Amino acid sequence: MQPSVKNIVFFSTKNYDIKFFSAYNASLPPESQFSFTFLDERLDETTAKMTAGFDAVCIFVNDSCTAPVIETLHSLKVNVIALRCAGFNNVDLKKSKELGLKVVRVPAYSPYAVAEHAMALFLALNRKTHKAYNRVKEGNFDINGLYGFNFYKKTVGIIGTGKIGCCFANICKGFGMNIIGYDPYPNKFFIDEIQGKYVSLDEIWAQADLISLHVPLMPETKYMINGASLDKMKNGVYIVNTSRGALLNTKEAIERLKNKKIGGLAIDVYEQEEKFFFKDLSQEINTDDDLARLLTFHNVIVTGHQAFFTKEALTAISEVTLNNLVEINRGGECKNEVK
Ligand code: NAD
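Calculation rules
Residues numbered from 1 in each chain as written. Predicted model: local features only at pLDDT ≥ 70, side-chain atom pairs only at ≥ 80, totals over all residues. Heavy atoms only, no water. Near = heavy atom within 4 Å. Polar contact = N/O pair within 3.5 Å; in protein donor to acceptor, adjacent residues only side chain to side chain. Areas by Shrake-Rupley, 256 points an atom, 1.4 Å probe, with all protein chains shown as cover. 1 Å grid on protein atoms, 1.4 Å probe; cavity = no way out; pocket = protein on both sides within 12 Å on 5 of 7 lines; lining within 4 Å. Sits in = over half its atoms within 2 Å of the grid points. Nonpolar A, V, L, I, M, F, W, Y, C, P; charged D, E, K, R; others polar. Core = buried A, V, L, I, M, F, W, Y, C linked by side-chain atoms within 4.5 Å. Buried < 20%, exposed > 50% of the residue type's maximum accessible area, 1.4 Å probe, protein only. Helix = DSSP H or I, 4+ residues; strand = E, 2+ residues; numbered from the N terminus. Contact = heavy atoms within 4.5 Å.

Engineer: Report on the site of the ligand, specifying residues and quantitative values.
Structural biologist: In the region of the ligand, 24 residues are neighbours, and Lys163, Ile164, Asp183, Val215 and Thr242 sit closest. One nitrogen or oxygen atom from the side chain of Arg244 is found 3.3 Å from an oxygen atom belonging to the ligand. One of the backbone N or O atoms of Phe308 is found 3.1 Å from an oxygen atom in the ligand. Surface burial for the ligand is 86%, taken as the share of its 870 Å² of free accessible area covered by protein chains. According to the grid-proximity analysis, the pocket containing the ligand is the largest pocket. Considered class by class, the residues forming the shell around the ligand number 12 nonpolar, eight polar and four charged.

What follows is the structure in structure tokens.
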């Protein structure tokens, strides 16, 4: 039997979620509109009971849908987990399937947004925009130490050539870069349109001046950037991770920043990000020593999971999430169901 969804509780809500979801909901025919409750809280084992009385939960990247959370949702008759993001590594799919909860997601809300942010991070690392900004604010117009190198003709290694990886490759093509990629499922667009070359991971490590990560977090991709892979890379390599924090072994990266193996590192995602990201902690003491150490390097830039954060992406997230639920209510197959 298809679940019928009317009342939705949102976790980890921000004001932009309320704005974009409310606007799209109001544009639906009255009979298809939903009733929303917006909570600030993150969904986890301590907050799962707050879903009582709702048909669906709407969650984001750092909410946690472990097996015990799903058991609580099931016991409270919540039928649908609607991810307002692409990644689903935070949902125990085995448990949701076992208990019959549907899981839907937004497979692509704006690959351009993430790809553009990845390039912005590479450019900032290379041309030291973050340092230049601070200098001129202080009236210091000295450019000593701000020099970079041309991206033109440099080799960029793209790991994961799906939607975001290919958008990023297209930007690199515009820069006149030599593009190599690794993906167990080669993409025709990457070969035919980008004129990218698929190589092994070891060839990426050996050849790339810049490495950009665009793979999902899975057991086989966890810590793919680690001490061993870093040691095979070119001295001074630039690495940007806009994908998921645990693709990079932070402790081993810190050691390679200290010995200057890594020339620049920019991360929009962090292994322990659920404790920090999307919150104003400026009045708190940072107790995460790895994050604190990362923030001391002048050649490390951290952004707080904002790569997706454009008007176009927020519009697409609200539209696709609610359309997924409309499809479920119509009783048909939802094309964005995670199976
Ligand atoms: P996608 O599914 O289109 O592409 C992922 C690609 O990774 C696929 O081509 C797949 O074949 C490839 N892949 C799978 N296993 C691999 C492996 N072991 N090695 C190399 N490649 C492998 O996904 P996408 O839309 O391009 O998103 C990529 C990732 O970006 C998401 O999984 C998510 O973690 C991240 N993301 C981040 C943000 C952000 O705001 N920072 C926003 C959206 C997505």
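Engineer: Mind laying out the nonpolar core, listing which residues take part and the relevant values?
Structural biologist: Membership of the largest hydrophobic core comes to 52 residues, with the highest contact counts inside it found for Ile8 and Ile81. Sorting the residues of this core by element identifies strand S1 (7-10), helix H1 (15-27), strand S3 (56-59), helix H2 (67-75), strand S4 (80-83), strand S5 (102-104) and helix H12 (311-330) as the ones contributing at least two each. Setting aside residues up to four positions removed in sequence, Ile81 forms contacts with Val57, Ile59, Cys65, Ile70, Leu73, Val91, Leu101, Lys102, Val103 and Val104. Judged by nonpolar contacts, the second largest core, of 30 residues, contains Ala208, Leu213, Ile239 and Leu247.

Engineer: An account of the side chain of His305 is needed here, citing residue identities and associated values.
Structural biologist: As for its placement among the helices and strands, His305 is situated in the loop between strand S12 (300-302) and H12. At a separation of 2.7 Å, a polar atom in the side chain of His305 contacts the side chain of Glu273. Once residues lying within four places of it in the same chain are set aside, the contact partners of His305 are Val61, Arg244, Asp268, Val269, Glu273, Phe277 and Phe278.

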